[in-house]
Amino acid sequence: MHSDPIADLLTRLRNGSRAHLASVDIPLSKIKLEIVKILESEGFVKGHEITNESKFPTLRVHMSYDAKRRPILHKIRRVSKPGLRVYRGSDELRPIRSGLTTLILSTSRGVMTDREARKKKIGGEVLCEVY
């Protein structure tokens, strides 16, 4: 069992992109699936699928690369950790790196990006930042 499953997801994605893997297998959970859906909609990963090849369901994430085989996912970092939770109100959510960095938040209305949270004027726990 992992003490921080979201950090495990981010580490597997980071390692997979650095190793130029076509896909990465991750143990499935609802929050991981929502994070991967956001990464897919933002263009950081190509796609995902749920497989039942092993004893437990697995989330297979297909990595995305540019024409020169460089990973689209440059940096992915856990912000809120089990030992130190980081919360931001809607007024504290500002664009980072001129809007190139995407924050993924867990809000009362589900997991969403910082842009969506600013539009809906809600805050939440900052799970990770991606660029």
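Since the model is a prediction, treat every value here as computed from it, not as a measurement. (Residues numbered from 1 in each chain as written. Predicted model: local features only at pLDDT ≥ 70, side-chain atom pairs only at ≥ 80, totals over all residues. Heavy atoms only, no water.)

Overview of the overall build of the protein chain
Here comes step 1: Looking only at helices and strands, the protein chain features three helices and eight strands.
Here comes step 2: Overall, the protein chain shows an N-to-C arrangement of helices and strands of α-β-α-β-β-β-β-β-β-α-β.
Here comes step 3: Viewed in the frame of its principal axes, the protein chain has a C-alpha envelope of about 45 × 35 × 25 Å.
Here comes step 4: Relative to its 131 residues, the protein chain shows a buried fraction of 41%.
Here comes step 5: Restricting to contacts in the protein chain with at least 6 residues of sequence separation, those with at least 24 account for 57%.
Here comes step 6: Counting only carbon and sulfur atoms, one obtains 51% of the accessible surface of the protein chain, whose full area is about 7,700 Å².
Here comes step 7: The average position of the 26 basic charges and that of the 15 acidic charges among the side chains of the protein chain differ by 3 Å. (Helix = DSSP H or I, 4+ residues; strand = E, 2+ residues; numbered from the N terminus. Buried < 20%, exposed > 50% of the residue type's maximum accessible area, 1.4 Å probe, protein only. Contact = heavy atoms within 4.5 Å. Areas by Shrake-Rupley, 256 points an atom, 1.4 Å probe, with all protein chains shown as cover. Lys, Arg positive; Asp, Glu negative; His and termini not counted. Charge placed at Lys NZ, Arg CZ, Asp CG, Glu CD.)

Some remarks on the sheet that holds strand β1 (residues 23-27)
Two strands in a sheet stick together by hydrogen bonds in their backbones, pointing the same way (parallel) or opposite ways (antiparallel).
Here comes step 1: Strand order in this open sheet of three strands is β1-β3-β2, and the pairing throughout is antiparallel. Both outer strands of the open sheet, β1 and β2 (45-51), are each paired with one neighbouring strand and no more. The mean angle between the axes of side-by-side strands here comes to 25 degrees, regardless of whether they run parallel or antiparallel.
Here comes step 2: Where helix α1 (residues 5-18) meets the sheet, its contacts fall on β1 and β3 (58-63), and the angle it forms with β1 comes to roughly 165 degrees. (Pairing = 2+ DSSP bridges. Axes fitted to C-alpha atoms, helices over the stretch in contact; angles between N-to-C directions.)

Overview of α1
Here comes step 1: Over its 14 residues, α1 runs 20 Å from end to end, which matches the ideal 20 Å to within 8%, given 1.5 Å per residue.
Here comes step 2: Of the residues making up α1, those classed as buried are I6, D8, L9, L10, L13, G16 and S17.
Here comes step 3: In the core, the buried residues of α1 are packed alongside β1, α2 (30-41), β3, β4 (76-78) and β8 (124-130).
Here comes step 4: Following α1 by one or two positions, H20 adopts a phi angle in the positive range, close to 60 degrees. (Expected span 1.5 Å × (residues − 1).)

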